[in-house]
Amino acid sequence: MIDKDFIEDLLKKHPYSNVKHQNDCLTLSCPAQQIIDLTTELRDQQTFDLLVDLTAVDQGEAVENRFMVVIHLYSCIHHDYIRIHSDCTDNESPEFPSIHSVYPAANWHEREAFDMFGIVFTGHPNLKRILMWDEYPYFPLRKEFPLAGIDVPLPADDVVEVTQASVEPAPMMGGPFVSSGQGFMSDAEPRAKDESWTEKKEKPV
Amino acid sequence: MSEVTFKEVQVGDSGYRDAVAEERLNSERMALNVGPSHPTTHGVLRLMMELNGDLIEKCEPVLGYLHRGDEKIAENMTYNQFVPYTDRLDYLSPLANNVAYAIAVENLAGVKVPERCEAIRVMICEMARISSHLLGMGVFGMDAGAWTPFMYTFTEREKLYTLFEELTGARFTTSFTRIGGVARDIPEGWLQKVSRFCEELPKAIEEVEKLLTRNRIFLDRTEGVGVISSSDALAFGLTGPNLRASGVDFDLRKDKPYSGYEKYDFEVPIGTRGDCYDRYLVRIEEVRESLKIINQLIDDFPAGSWYAEDAKKIFAPPKEKIMTSMEELIQNFMIVTEGPQVKPGEIYFEAENPKGALGFYIVSKGGGVPYRMKIRAPSFCNLSILEKLAPGHMLADITVILGSLDFVMGECDR
Amino acid sequence: MLNLELLQVLGLKIFFAFLMVSVVMTFAGYSVLAERKVSAWMQGRVGPNRTVLPFVGHIPFVGSFLKGIGIFQPLADGLKFLFKEEIVPGHVNKVYYYMAPLVALVPALTTMTVLPFGEFFHHSGKSTPLILADLEIGILFILAISSLGVYGIVLAGWSSNSKYPFLGGIRSSAQMISYELAMGLSLLPIFLWVSQPGSSIASLSLVEIANSQNASAWLALVQPLSALIFLVALFAETNRLPFDMPESETDLVGGFHTEYGSFKFGIFFVAEYAHIVIGSAIFTLIFLGGWHFLPWINDPWPSNWVGTLLGTGWFLIKTISLIFFFIWIRWTLPRFRYDQVMNLGWTKLLPLSLANLIFYVILVTWLDLSAATP
Amino acid sequence: MVSNEVAYNSKIEGEVIVTKADAVVNWIRKHSVWPMPMGLACCAIELMASAASRYDISRFGMEVMRFSPRQSDCMIVAGTVTYKMAEVVRRIYDQMGDPKWVVAMGACASTGGMYRSYAVMQGVDNIVPVDVYVSGCPPRPEALLDAMMKLQDKIGNEPSTSRLLQARNTSMV
Amino acid sequence: MELVTPHHFLALGALLFGIGFFGVVVRRNLLLVLMSLELMLNGVNVALVSFSRAGLNLDGSLFVFFIMTVAAAEVALGLALLVALYKRRQSVFSEDMSLLRN
Amino acid sequence: MNLLDLLFFFFSSLAAGGGLLMVVSKHPVPAALFMILSLVGVASLFVLLEAFFLAILQILVYAGAVMVLFLFIIMLLDVGPDGGKASKIRILSGFAGAVAVGLIIVLLLHFSQQSGFGLSSNAWPEINADSFVNGSNLTFSTSVKNFGYGLFTKYMLPLQVAGFLLLAAMVGVIILSKKFRIKKP
């Protein structure tokens, strides 16, 4: 069971990690360098054999360590989760050690985090975009990236030649969403932020 | 002019851009591109394969053809507004997604929903499981070449759709839950209809089983094909029926009960060999177990409130109250404009969905909008084993393996 | 010499040939409709029932009935191919690409030259079989020609110069080789049995095979194993569902005809069903007594043109029920995997048919000997 | 002179013939629409439902879903078209032989629907010409059937003969 | 047949034999060499059958039957050998089959 | 000119032309197809010679099985067209062979006109339709029965040998293809 003894024991073995207070499950924070060490220990000694999730959080451009990798492990014995927070140091070109060797399941999760945040997982066997197409220049889940998207050419030249289609910002006009949630009520009201889009476009033949 | 050049592209080779795939590696191997629009891939998965004769040497799945940016959208809207998007994750069981999402946000907000609401949720979850597994079985049969079981299971699904429609107002994309409750109470006489359906369903399943389960050809096609060992299954993060078919007893409904699942008596079917046939059998058994749960619920459906009445900042009260009472009107206005007010913090919640464990990791900085939401899609993890699983099988096995993994690209790509 | 008589005979033959071709093609076209209707019926659906010719639909009762059974659907589907763009993809080998559908269709239509479908009774009581060419070695002819049908598929697969058709072509050629053996071997005991010493028949003619079953047991009853093996091989040769390797829709999209559109695809489509029609007819002739009534019962119909019609009708009924059987199997069973098809052919059907042959060799010899020593 | 005009007017007669031919060709075409199920997302399930027993699209002779674009007449784009997928949709459209029609099934395929985001193409009509738009998210099978009937009506009013002749002329050149 | 004599058939048989021989010598692709061999056998078959028919003697026809049997066996074995060689050398060309080179 | 003569020239040009095209075609698949053409031509010639059984057999065995096997192997190995040209020595020797064959033809015609090769005349003798062969004196007949009779009496031993040959070939093929399956993993 995950109780005080367990946590103390774990902290003793891994003095670099410490416990963050969270209300749902045990949350450890761990420096990026020690992550393989910690996860290997958790997998082999503590029966956390199921990597359920690996993702990242963009804390905003102003924060010192902008990208935080979050790992969720599950133990079929303890029937409980453990969460590991780990910061990527470099904000410009964030890097993080790949735990693919510990959990093969991390393969795609890491590719997704790379795709969405641009975090380079060192030691990953096949680190390339997984959801967006290979040539896509941006990292969509970063906070500065707008929901509507940014103009880029469509990946297929021959299709573009015929249809003149391109990747354009999506219209936010009359959209049901976009609500800031903070500030004055008039700002928080769901509304369209961007109303520049028009219907005046040529349709293909 | 360029139209003519398009016609040069081979059927099935659409979207072929990678230089790796285009060049023939050596004379014995043949690069084959399956999808993204191919009858086998159930949607828009693309497989880049290298074949040696009919044998697969390498198989690389390419996803993202249905990436719609759900996580980014979630960051830009209030919690309740995101409910319709959860419908379209695993679009074979929208209700189960709704429930998982609602519970995740409620856990973050610290709201406890009353017993009747929990019962409604369990009910719709299990119905969604039945509907999803029915389609899974049917499509699996179709992948093996038998079309008729698919039609039979779809007939049953249509009955379920009718029930969903009566409950939620929509047959397919239900958006039924709200944070702190559900959209409305169950209508009168609905439970009787459900129980009638529960009586009819086993017969229909039997009929499908007659066509498939003991069929020699079907056994030949599925037994011993796509075997996933339990250690592999765990290592690749498989969940749901796919993991259980490999012999791992992992069911969040039993292990980490939510929404009052601990109150119901049901078994968790476990496979032994982890092949395609086991996955099929596990799904069929799960349908039967779900029926058990539903029957228990119908026998003893809890009365009381169907939404968290005390959560004033979370749940917008029912329409009739809004129209008559000023306080409720203001409450409704606040929730609609600002969203349910949630404390800062993090939550990770997983629910046992038909396809596996659907997890929501939500980071909140307070207010009605999540700061970051990660959706842990079971299909995404289930598919990741394909790269390891496919080599050594024949091309025709791929259809069966994909069918048995029973993934949905909607939640895989999000 | 090209004299008048020869021309007359030739003209008559050509007329009958055209008649046969149109009948078989119509049958093929309507077995597509039958497939759609039967599958719909099996799956609790309705099937095509909206297509109707503009004026025919207004005829009371008849019009709505014809509409209901979708009698005009094949008309629309078939003619549509004519008005569709003929796509020839740039990457194909043009000559062979055009040739393939014809190569697929021609053998199917050629086999009907030796296909009897009834008997014509003269006034004098003599009977002539209704057949274009009564070959002494009819069954061998059918086996030989129908084995050429595979070239259409192989050619289509190869000339499309695309991967799925190519795989379909390979599978098809391998499957053909494996099942032809079993098919041929399953027929040998039949001829042993039919031409056993003492019987008046001593040839490989389909007419005589059919006639030998008049008022005696059907050969399907005498040699059930042969019938079974032949039927299975027939399914394989016609690429029907448990064996539809060359097409296998779920993994090869459309198999050999993936790159074919419009009219050329239509020819493939019709050729497939023509194969089924003719295959069913052959099975009926060899194993189900052809145009003869029931086993052990003399033909009840009179020896005149009425009898001819009744006999032919009875033959058609048998053939149609066999086509129904084909459709039934198609919508019931899953599909084999390619290597399982090969396995079944080589390790099950072939030894089985050999054993069957040896058994009947011994049986016939024993019968022969016991007949010789009274 | 008068009688001459009554007897034959090449212009009118010609048009009468063309309309007659149109009627025949269109009758054939509209009763044999073989769909190419471009099942992309949620709508694909409703597309399946429309082929299943309750709605049964086969009544219109449309259950012959050909997965090879060369053999199909009508592409039913069922689901969200992302930018990554758009290219494929267009390529498959180009592989179809004329005459071909496109049905945009559902809000996503028609306009992008509720997915106003960076990855989603805002309507498949950016990339292929659409004949019939079906609203709904996803549309009920009845709506799809209605759309297919609308498509049949549309096919019924096409100047198909002149198009056929035109195509022949251009191919001759 | 008035104009055509058995000699025509014999000449055709010889022609087929010659073409086959030419193919066997010239072609590098072993598959085609095998096919050319078949063609040579066919030339012989034509000659034999025409002898048989002209001499009203069944022996020639019977002999053709045996030739066909042998040809089938030969092709089966030849192709099996070829596939085996192909798996080893990745080629079906005769010059690649030499063991002594390199 | 008789109809049959016309047919003879048509089919013989089919057989010879198909064979020639087979020999010169670059890609093996067209080569196989020309070969089939040639075989069908030969089969038709058999029909002209009234050897119906052999004609059918020719199509059944050659076109139906042997060539399908060829095509299967060509497609399985995915053999491309021949690159480069044949060496001069090969072409020379090929021509030498062709010249030799030409000589054979001339000599054959010459001697056959002299000695007749035991042929009674240049005309075709009539076939006795009802002749049933007996003993070892087998007369030509269109009937399959007579053919079978010949096989099972005079040629019993060769028939057995042929059967054993087929068996040996089958065993050989199995062994040849089996070896690789053991070696592979």
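Right above here is the structure, for reference.
So, here is what we can say about the structure in this document. Please read all numbers here as calculations on a predicted model, not as lab measurements. (Residues numbered from 1 in each chain as written. Chains lettered and ligands numbered in written order. Predicted model: local features only at pLDDT ≥ 70, side-chain atom pairs only at ≥ 80, totals over all residues. Heavy atoms only, no water.)

### Here's the deal with the overall build of chain D
For the record, the criterion: Strands are runs of DSSP state E lasting at least 2 residues, helices are runs of H or I lasting at least 4, and numbering of each runs from the N terminus. Accessible area is worked out with a 1.4 Å probe on protein chains only. A residue is then buried under 20% of its type maximum, exposed over 50%, and partly exposed in between. Areas reported here follow the Shrake-Rupley algorithm with a probe of radius 1.4 Å; residue values treat only the protein chains shown as occluding.
A count of helical and extended segments in chain D gives seven helices and four strands. Starting at the N terminus and ending at the C terminus, chain D contains elements arranged as α-α-β-α-β-α-β-α-β-α-α. In chain D, which comprises 173 residues, the proportion classed as buried is 65%. Of the accessible surface of chain D, which amounts to about 6,000 Å², a share of 59% is contributed by carbon and sulfur atoms.

### A word on the packing of aromatic side chains
Rule in force here: In summary, the pairing rule links any two rings of Phe, Tyr or Trp, Trp by its six-membered ring, whose centres are within 6.5 Å, and it sorts them by plane angle into stacked for under 30 degrees, edge-to-face for over 60 and tilted for everything else. Counting as a charge over the ring demands two things of the Lys NZ or Arg CZ atom: a distance within 6 Å of the ring centre and an angle within 35 degrees of the ring normal.
If you walk through the whole model with that rule in mind, you get 60 aromatic pairs over all chains. The interplanar angle of 75° and the centroid separation of 5.4 Å between the aromatic rings of Tyr-81 of chain A and Tyr-348 of chain B together place this pair among those described as edge-to-face. On the criterion of chain membership, the pair formed by Tyr-81 of chain A in strand β5 (residues 80–87) and Tyr-348 of chain B in strand β6 (residues 345–353) is interchain, its members lying in two chains. For the pair Tyr-81 of chain A and Tyr-348 of chain B, a shared accessibility class is recorded, and that class is buried. Ring plane angle 75° and centroid distance 5.0 Å describe the contact between Phe-256 of chain C and Phe-268 of chain C, whose orientation is recorded as edge-to-face. Of the two residues, Phe-256 of chain C is situated in the loop between α11 (249–252) and α12 (262–287) and Phe-268 of chain C in helix α12; the sequence distance between them amounts to 12 residues. Overall, Phe-256 of chain C belongs to the buried group, its relative accessible area being 5%. Grouped by ring-pair contacts, the aromatic residues Trp-133, Tyr-136, Tyr-138 and Phe-145 of chain A together with Tyr-83 and Tyr-118 of chain D constitute a single cluster. In this arrangement the basic side chain of Lys-100 of chain D is found over the ring face of Tyr-93 of chain D, its NZ or CZ atom lying 4.3 Å from the centre.

### Structural notes on the nonpolar core
Inclusion rule: Definition of nonpolar core: a set of buried residues of the types Ala, Val, Leu, Ile, Met, Phe, Trp, Tyr and Cys, connected through side-chain atoms within 4.5 Å. Note on contacts: a residue pair qualifies if any of its non-hydrogen atoms lie within 4.5 Å across the two residues.
Core analysis: the largest hydrophobic core is formed by 421 residues, its most contacted members being Met-123, Phe-360 and Leu-383 of chain B, Phe-287 of chain C together with Met-67 of chain F. In terms of residue count, helix α3 (residues 52–77) of chain F provides more of this core than any other element does, 19 residues in total. Excluding residues that lie within four positions of it along the chain, Leu-383 of chain B makes contacts with Trp-108 of chain A together with Leu-45, Leu-63, Leu-402, Phe-407, Met-409 and Cys-412 of chain B.

### Some points on empty space enclosed by the protein
All names here are of chain C. Under the convention used in this document: Cavities and pockets are defined on a 1 Å grid built over the protein atoms alone: a cavity is a set of grid points where a 1.4 Å probe fits but cannot escape, while a pocket is an open set with protein on both sides within 12 Å along at least five of seven lines, and lining residues are those with an atom within 4 Å of any such point. Grid points are joined across faces, edges and corners, and a volume is the space filled by probe spheres set on the points. By the convention adopted, Pro, Cys, Tyr, Trp, Phe, Met, Ile, Leu, Val and Ala count as nonpolar, Lys, Arg, Asp and Glu as charged, and the other residues, Gly among them, as polar.
On inspection of all chains with the given rule, the structure shows 11 cavities of 30 Å³ or more. Looking at the lining of the second largest cavity element by element, the count peaks at seven residues for α12. In terms of residue class, the lining of the second largest cavity is built from 17 nonpolar, seven polar and three charged.

### Overview of the interface of chain A and chain B
The condition is simple: In this description, buried area is defined as the sum, over both parts, of the accessible area (probe of 1.4 Å) that is lost when the two are combined. Salt bridge, as used here, is a side-chain nitrogen of Lys or Arg placed within 4 Å of a carboxyl oxygen of Asp or Glu.
If you look at the interface, chain A gives 65 residues, while chain B gives 56 residues. Both sides together, the interface formed by chain A and chain B hides about 5,000 Å², and carbon and sulfur atoms give 57% of it. Summed over the three residues of chain A that lose the most area to chain B, namely Tyr-81, Trp-108 and Leu-131 of chain A, the buried surface amounts to 15% of that side. Put simply, chain A and chain B have seven salt bridges between them.

### A look at the side chain of Lys-84 of chain D
Applicable threshold: In this tally, Asp and Glu contribute negative charge and Lys and Arg positive charge; neither His nor the terminal groups of the chain are included.
If you trace the backbone, Lys-84 of chain D turns up in helix α4 (residues 83–95). For the buried residue Lys-84 of chain D, which engages in no salt bridge, the nearest side chain bearing the opposite charge is Asp-134 of chain A, 6.1 Å off. Excluding residues that lie within four positions of it along the chain, Lys-84 of chain D makes contacts with Ile-130, Leu-131, Met-132 and Trp-133 of chain A together with Val-62, Leu-63, Gly-64 and Tyr-65 of chain B.

### Thoughts on the pairing of β5 of chain A
Residues and elements named next belong to chain A. For clarity, the cut-off: Any two strands between which DSSP finds at least two bridges are classified as paired.
In terms of burial, β5 is largely enclosed, as seven of its eight residues are buried. The pairing of strand β2 (residues 26–29) with β5 spans four bridges and is parallel. Across the sheet, the residue bridging to Leu-28 is Ile-84, located in β5. Of the pairings in the sheet, the one linking strand β4 (residues 67–75) to β5 comprises eight bridges and is antiparallel in character.

### Some words on the environment of Asn-382 of chain B
Residue and element names in this part refer to chain B. Under the convention used in this document: For the purposes of these results, a polar contact is taken to be a pair of N or O atoms within 3.5 Å, where, inside protein, one atom must be able to donate a hydrogen and its partner to accept one; residues adjacent in sequence count only when each atom of the pair is a side-chain atom.
Structurally, Asn-382 is set in helix α16 (residues 378–383). Along the backbone, Asn-382 and Thr-239 are 143 residues apart, and their C-alpha atoms lie at a distance of 7.0 Å. Excluding anything up to four places from it in sequence, Asn-382 contacts Leu-238, Thr-239, Asn-242, Lys-355 and Leu-405. Among the polar contacts made by the side chain of Asn-382, one reaches the main-chain amide nitrogen of Thr-239 at a distance of 3.3 Å.

### What about the interface of chain F and chain E?
With 86 residues of chain F at the contact, the number on the chain E side is 73 residues. Interface area, chain F with chain E, both sides summed: about 7,600 Å², of which 78% is carbon and sulfur. Considering only the surface of chain F that becomes buried against chain E, Phe-70, Trp-124 and Phe-140 of chain F emerge as the three largest contributors, covering 10% of it. Among the salt bridges present, the one from Asp-59 of chain E reaches Lys-154 of chain F, with a minimum N-O distance of 3.0 Å. Here chain F and chain E share seven residue pairs in polar contact (both at pLDDT 80 or more) between them. For the side of chain F that touches chain E, the secondary structure elements donating two or more residues are α1 (3–24), α2 (28–48), α3, α4 (88–115), α5 (144–152) and α6 (156–183) of chain F. Looking at side-chain class alone, the side of chain F that touches chain E contains 59 nonpolar, 19 polar and eight charged residues.

### Considering the sheet that holds strand β8 (residues 372–376) of chain B
Residue and element names in this part refer to chain B. Quick note on the threshold: All axes here are fitted lines through C-alpha atoms, helices being fitted over the stretch that makes contact, and every angle between N-to-C directions spans 0 to 180 degrees.
Spatial strand order, β6-β7-β8: three strands in an open sheet with antiparallel pairing. Sheet topology places β6 and β8 at the edges, where each strand pairs with a single neighbour. Ignoring strand direction, the axes of neighbouring strands in this sheet form an average angle of 10°. The pairing of strand β7 (residues 356–364) with β8 spans five bridges and is classified as antiparallel. Paired with Ile-362 across the strands is Met-373, a residue of β8.

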